[in-house]
Amino acid sequence: MEHLTLGLVGVGRIGVMHAENLVALNEELHPQGIDVQLVLTDVAAVHARAVAERLGARFVPCVAELLASGVDGLVVATGTATHPELIRAGVDAGVPVFCEKPVALDVADSLPVLEHIRSGGGTVQIGHQRRFDAGYLRARAALEAGELGWIHSLRAVTCDMAPPPVEFLAASGGLFRDCSVHDFDILRWLTGREIVEVYARGSNNGDPAIGTVGDVDTALAVVTFDDGTVGTVSASRYNGAGHDVRLEIQGSESSLTVGLDERTAMRSAEPGVDFPSGTPHRTFAERFAPAYRAEMIAFVELILGRRPNPCPPEDAVAAARVADAAQESLRTGVPVRVAVDPAGTTR
Ligand SMILES: NC(=O)c1ccc[n+]([C@@H]2O[C@H](COP(=O)([O-])OP(=O)(O)OC[C@H]3O[C@@H](n4cnc5c(N)ncnc54)[C@H](O)[C@@H]3O)[C@@H](O)[C@H]2O)c1
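This text gives an overview of the structure that appears in the document.

**Topic: the pairing of strand β10 (residues 230-236)**
- Taking burial as the measure, the seven residues of β10 include five buried ones, the bulk of the element.
- In this structure, strand β7 (residues 151-159) lies alongside β10, joined through seven bridges in parallel fashion. Counted as the bridge partner of Leu 154 is Gly 231 from β10.
- With seven bridges joining them, strand β9 (residues 218-225) and β10 adopt antiparallel strand pairing. Within β10, the position partnered with Leu 220 by the bridge is Ser 234.
- Between β9 and the antiparallel strand that follows it, β10, lie four residues; Gly 228 among them carries a positive phi value of about 95 degrees.

**Details of the environment of Arg 307**
- Its location among the elements puts Arg 307 in the loop between α12 (289-303) and α13 (313-332).
- Judged by relative accessible area, Arg 307 falls into the partly exposed class, the value being 29%.
- Remark: the alpha-carbon pair of Arg 307 and Val 63, spanning 244 residues in sequence, is separated by 27 Å.
- Excluding anything up to four places from it in sequence, Arg 307 contacts Phe 132, Ala 298, Glu 301 and Leu 302.

**Description of a nonpolar patch on the surface**
- Together, Leu 260, Val 273 and Phe 275 make up an exposed nonpolar region whose accessible area comes to about 250 Å².
- Within the element layout of this structure, Val 273 appears in the loop between β12 (255-258) and α11 (284-287).

**Regarding the layout of surface pockets**
- Taken as a whole, the largest pocket spans an internal volume of roughly 770 Å³.
- Lining the largest pocket are 39 residues, and of these Arg 13, Ile 14, Ala 77, Thr 78 and Phe 168 lie nearest its centre.
- Among the secondary structure elements, those contributing two or more residues to the lining of the largest pocket are α1 (13-24), α5 (83-92) and α9 (175-191).
- Its residues assigned to classes, the lining of the largest pocket shows 17 nonpolar, 13 polar and nine charged.
- Lining the lining of the largest pocket are residues from two domains, each supplying at least three of them: domain 1 (2-129 + 292-311) and domain 2 (131-283 + 317-337).

**Looking at the site of the ligand**
- In the vicinity of the ligand there are 24 residues, among which Arg 13, Ile 14, Asp 42, Thr 80 and Tyr 292 approach most closely.
- Here an oxygen atom of the ligand and a side-chain polar atom of Asp 42 are 2.6 Å apart.
- Between the ligand and Thr 80, the relevant distance is 2.8 Å, taken from an oxygen atom to a side-chain nitrogen or oxygen of the residue.
- Here the ligand loses 82% of its free accessible area of 850 Å² to cover by the protein chains.
- In this structure the site holding the ligand corresponds to the largest pocket.
- Looking at side-chain class alone, the shell around the ligand contains nine nonpolar, ten polar and five charged residues.
- Two domains each put at least three residues into the shell around the ligand: domain 1 (2-129 + 292-311) and domain 2 (131-283 + 317-337).

Rules behind the numbers
Residues numbered from 1 in each chain as written. Predicted model: local features only at pLDDT ≥ 70, side-chain atom pairs only at ≥ 80, totals over all residues. Heavy atoms only, no water. Buried < 20%, exposed > 50% of the residue type's maximum accessible area, 1.4 Å probe, protein only. Helix = DSSP H or I, 4+ residues; strand = E, 2+ residues; numbered from the N terminus. Pairing = 2+ DSSP bridges. Contact = heavy atoms within 4.5 Å. Patch = residues over 30% accessible without salt bridge, like charges linked within 9 Å, V, L, I, M, F, W, Y side chains within 5 Å. Areas by Shrake-Rupley, 256 points an atom, 1.4 Å probe, with all protein chains shown as cover. Salt bridge = Lys/Arg side-chain N within 4 Å of Asp/Glu carboxyl O. 1 Å grid on protein atoms, 1.4 Å probe; cavity = no way out; pocket = protein on both sides within 12 Å on 5 of 7 lines; lining within 4 Å. Points joined across faces, edges and corners; volume = space filled by probe spheres on them. Nonpolar A, V, L, I, M, F, W, Y, C, P; charged D, E, K, R; others polar. Domains from an automatic or database assignment. Near = heavy atom within 4 Å. Polar contact = N/O pair within 3.5 Å; in protein donor to acceptor, adjacent residues only side chain to side chain. Sits in = over half its atoms within 2 Å of the grid points.

This is the structure:
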């Protein structure tokens, strides 16, 4: 049996889910001869200690102690502003890092992190879990096989039922960087094309506090790809029907929708049509539960050298370039060209 100890920092909304998944992974990993133990920390020590007790994990009071305890990998699930220092700490400790998206609050803050990873020979997987979702994987295979003909339109939707706390939004970088960055990543990954221009508009008809911290609760971006194909990326924090994440891809031969099933948070206006009839997803955790588990398995396999990095930080920063352009377009009200990456990026 191969024994791995994973350290996790940050047991908030998503960190608790990653911790639960890591503990549950052993059911799948033991038959492969892998055993994972978890050690976790959070500045909210009382809460973190309680999570550790509930999950049978070990609690340590700080990141330095966690890294000094000899972990084989580090999972970072703290707020975005802390990602750069924690990625650096993991790389300096010589352990592979899984870090929630995004790498940093914006591209300018991400570039020194990329340089640190490169110069330190670090391995960092970013948490773009949609790359593990069955629907997006199926769509990618269909595009690669040319099943849809040539693509004329892509429409991506990401809607939460309710906003996270305003304190979270104030430190999130804005709706496009926090939320739509998943769509920007998946559009690049699916199409193999770069987004070169963004025109964004947004609105604030919900809690006025969201506007007060400089964010919008709803936004739409028109994106143009490097071959001229157009698409839209739409997001809202106020989708009462449910957590709605979809991608419509229309081509000259056929069309495909990711996220269209019985649980889609949408109802037909057509008389007699009761599809979809299931209970809509309420949260990202529900919608992507299998994908979040799969990305943790991928991280374990990455640590063991059994697979290439499925979400390299360079890709995440390429998506962040699009998000930065969208935030800038939102601010200025005019289309914005996406900054070119002089080093080139991978998919
Ligand atoms: N991939 C996804 O679908 C997805 C979904 C939600 C959030 N996220 C990302 O995950 C990150 C966390 O989001 P969240 O909603 O869980 O936030 P959160 O505020 O609920 O949780 C963050 C936790 O980190 C702790 N923390 C903050 N700084 C720390 C530090 N220096 N050391 C130790 N603990 C620290 C906080 O006490 C808190 O418990 C964000 O970067 C967000 O963008 C990703």
